[in-house]
Amino acid sequence: RPHRGSDPALFAMSPSLAQALLADGPGGKGDLKESRCPLREFALPEVFNTHPGGQEHLKTAEKSDCPGLLFLAYHIGLDMDGAIGNAMKARGLKLPEAGTFYEELDAIVRKIKEENKGQRSVFHAWCLVITFLLLPSFVWLMVSPGLLPCLLVSLLFELYFLNIFHTRHHKGG
């Protein structure tokens, strides 16, 4: 049911998102502390040395108040019913409960990935260009110090760390 004063466009875009944003808590009391969050009950594997995101992600989730939410956020748009689900089952663990809102977001992410398959190749080419340009620009700075080589090296280092290290954080390594 639409909340009084709510925007009808929000409901047209995503009914479950609108309900989630406008929820008053259990019984309409607005007290969310009384509600049960199934994501809080998510069990993490003790050790998962082959985890693609690395052990650091698991340590972060272990310290979190809601590890199930982190799990779902990091795995959105991925094959939860295939490789991820099988890896969880092999360790005797269950996937966290995902609601309608998450399923809508997951479908949107999967659709975007499907429609833009070539973007991944473009990104890999971009990372290779940055990597290959970094060494010659650094040599240029050492051989002929100046403002232009300094700016180029600074820009390439920034792009390198943003694109490559940030991606490694999400993909592990």
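Use the structure listed above.
Note that the structure is predicted; figures quoted are calculated from it, not measured.

**Student:** What exactly am I supposed to notice about the overall build of the protein here?
**Tutor:** In terms of helices and strands, the protein carries 8 helices and 0 strands. The helix and strand sequence of the protein, counted from the amino end, reads α-α-α-α-α-α-α-α. Taken across its 173 residues, the protein has 27% of its residues classed as buried. In the protein, the proportion of contacts linking residues at least 24 apart, taken out of those at least 6 apart, comes to 56%. Entry remark: accessible area of the protein is about 12,600 Å², with carbon and sulfur atoms responsible for 63%.

**Student:** Hey, could you run me through helix α5 (residues 80-90) in this one?
**Tutor:** Each turn of an α-helix holds 3.6 residues, which means side chains three or four residues apart point in the same direction. If you check which residues of α5 are buried, you get Met80, Gly82, Ile84, Gly85 and Met88. Looking one or two residues beyond α5, the residue adopting positive phi is Gly92, at roughly 75 degrees.

**Student:** Sorry if this is basic, but what is going on with the side chain of Asn163 here?
**Tutor:** Tracing the backbone shows Asn163 in helix α8 (residues 147-171). Judged by relative accessible area, Asn163 falls into the buried class, the value being 12%. Within the local environment of Asn163, its side chain forms a polar contact with the side chain of Trp126, the two groups lying 3.4 Å apart. Once residues within four sequence positions are removed from consideration, Asn163 is found in contact with Phe123, Trp126, Cys127 and Ile130.

**Student:** Honestly, the packing of aromatic side chains in this entry has me stumped. Any pointers?
**Tutor:** The way to describe two aromatic rings as a pair is by their centre distance and the angle between their planes. This model, assessed by the stated rule, comprises 2 aromatic pairs. On the numbers, 6.0 Å between centres and 15 degrees between planes, the contact of Phe157 with Phe161 is stacked. Of this pair, Phe157 and Phe161 are both found in helix α8, 4 residues apart, which corresponds to roughly one turn of the helix. Judged by relative accessible area, which is 33%, Phe157 ranks as partly exposed. Considering the side-chain rings of Tyr160 and Phe161, the 5.8 Å spacing of their centres and the 85 degrees angle between planes classify their relative orientation as edge-to-face. Through pairs of rings, three or more aromatic residues link up here, namely Phe157, Tyr160 and Phe161.

**Student:** Hey, could you run me through the pattern of salt bridges in this one?
**Tutor:** A pair can form between side chains of opposite charge whenever their charged atoms are brought close. Taken as a whole and judged by the stated rule, the model has 3 salt bridges. The partner of Lys117 in a salt bridge is Glu114, and the shortest N-O contact between them spans 3.2 Å.

**Student:** For this particular structure, what's the right way to read a nonpolar patch on the surface?
**Tutor:** On the surface, Leu135, Phe138, Val139, Met142, Val143, Phe157, Phe161 and Phe165 cluster together into a nonpolar patch covering about 780 Å² of accessible area. Every element with two or more residues in the nonpolar patch is listed here: α7 (118-143) and α8. Looking at the nonpolar patch element by element, the count peaks at 5 residues for α7. The topology assignment puts Phe165 in helix α8. Residue class for Phe165 comes out partly exposed when judged on its relative accessible area of 35%.

**Student:** Just to check I follow, could you spell out the nonpolar core for this structure?
**Tutor:** A general tendency of soluble globular proteins is for nonpolar side chains to be buried together. Listed in full, the 12 residues of the largest apolar core are Leu39, Phe42, Leu44, Ala61, Cys66, Phe71, Leu72, Met80, Ile84, Met88, Leu93 and Tyr102. Breaking this core down by element, the ones donating at least two residues are α4 (67-74) and α5. Counting residues in each nonpolar core, the second largest holds 7 residues, with Cys127, Leu156, Tyr160 and Ile164 among its members.

What counts, and where the lines are drawn
Residues numbered from 1 in each chain as written. Predicted model: local features only at pLDDT ≥ 70, side-chain atom pairs only at ≥ 80, totals over all residues. Heavy atoms only, no water. Helix = DSSP H or I, 4+ residues; strand = E, 2+ residues; numbered from the N terminus. Buried < 20%, exposed > 50% of the residue type's maximum accessible area, 1.4 Å probe, protein only. Contact = heavy atoms within 4.5 Å. Areas by Shrake-Rupley, 256 points an atom, 1.4 Å probe, with all protein chains shown as cover. Polar contact = N/O pair within 3.5 Å; in protein donor to acceptor, adjacent residues only side chain to side chain. Phe/Tyr/Trp six-rings, centres within 6.5 Å; stacked < 30°, edge-to-face > 60°. Salt bridge = Lys/Arg side-chain N within 4 Å of Asp/Glu carboxyl O. Patch = residues over 30% accessible without salt bridge, like charges linked within 9 Å, V, L, I, M, F, W, Y side chains within 5 Å. Core = buried A, V, L, I, M, F, W, Y, C linked by side-chain atoms within 4.5 Å.

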